[in-house]
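# Report on the structure
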Amino acid sequence: MPEEHEDRTCERCGTRAAVYQQFGLHLCRRCFREMAPKMGFEKHE
Ligand SMILES: [Zn+2]
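A brief report on the enclosed structure follows. (Residues numbered from 1 in each chain as written. Predicted model: local features only at pLDDT ≥ 70, side-chain atom pairs only at ≥ 80, totals over all residues.)

## Considerations on the overall build of the protein
- Scanning the protein from terminus to terminus reveals 1 helix and 2 strands.
- Secondary structure elements of the protein, listed N to C terminal, follow the sequence β-β-α.
- Within the protein, buried positions represent 13% of all 45 residues.
- Taking all contacts inside the protein whose residues are at least 6 apart in sequence as the whole, residues at least 24 apart take part in 0%. (Helix = DSSP H or I, 4+ residues; strand = E, 2+ residues; numbered from the N terminus. Buried ≥ 20, exposed ≤ 12 C-beta atoms within 10 Å, placed from the backbone. Contact = placed C-beta atoms within 7 Å.)

Take a look at the structure:
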């Protein structure tokens, strides 16, 4: 029986609120917005 271990914490600041799992990263909304431009995840206009 596989364990459904949801460990969604921001790997940058450690918060557990609004953490996104995208691009193999675990980042909260705030950190994601800070990191996105640096990582080339800017919105396409
Ligand atoms: Zn964060």
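## What to know about the environment of Arg29
- For Arg29, the position within the fold is in helix α1 (residues 29-39).
- Sequence separation of Arg29 and Cys10 is 19 residues, and the distance between their C-alpha atoms is 9.0 Å.
- The residues touching Arg29, leaving out its near neighbours within four places in the chain, are Ala18 and Tyr20.

## Comments concerning the pairing of strand β1 (residues 19-22)
- With 4 bridges connecting them, β1 and strand β2 (residues 25-28) associate as antiparallel partners. The partner of Val19 across the bridge, within β2, is Cys28.
- If you look at the hairpin formed by β1 and β2, you'll find 2 residues sitting between the two strands, and Phe23 has a positive phi there, around 55 degrees. (Pairing = 2+ DSSP bridges.)

## Some thoughts on the environment of Thr15
- With respect to the helices and strands, the residue Thr15 is situated in the segment before β1.
- The spatial distance from the C-alpha of Thr15 to the C-alpha of Cys28 is 7.0 Å, given a sequence separation of 13 residues.
- Thr15 has contacts with Thr9, Cys10 and Cys28, leaving out every residue within four places of it along the chain.

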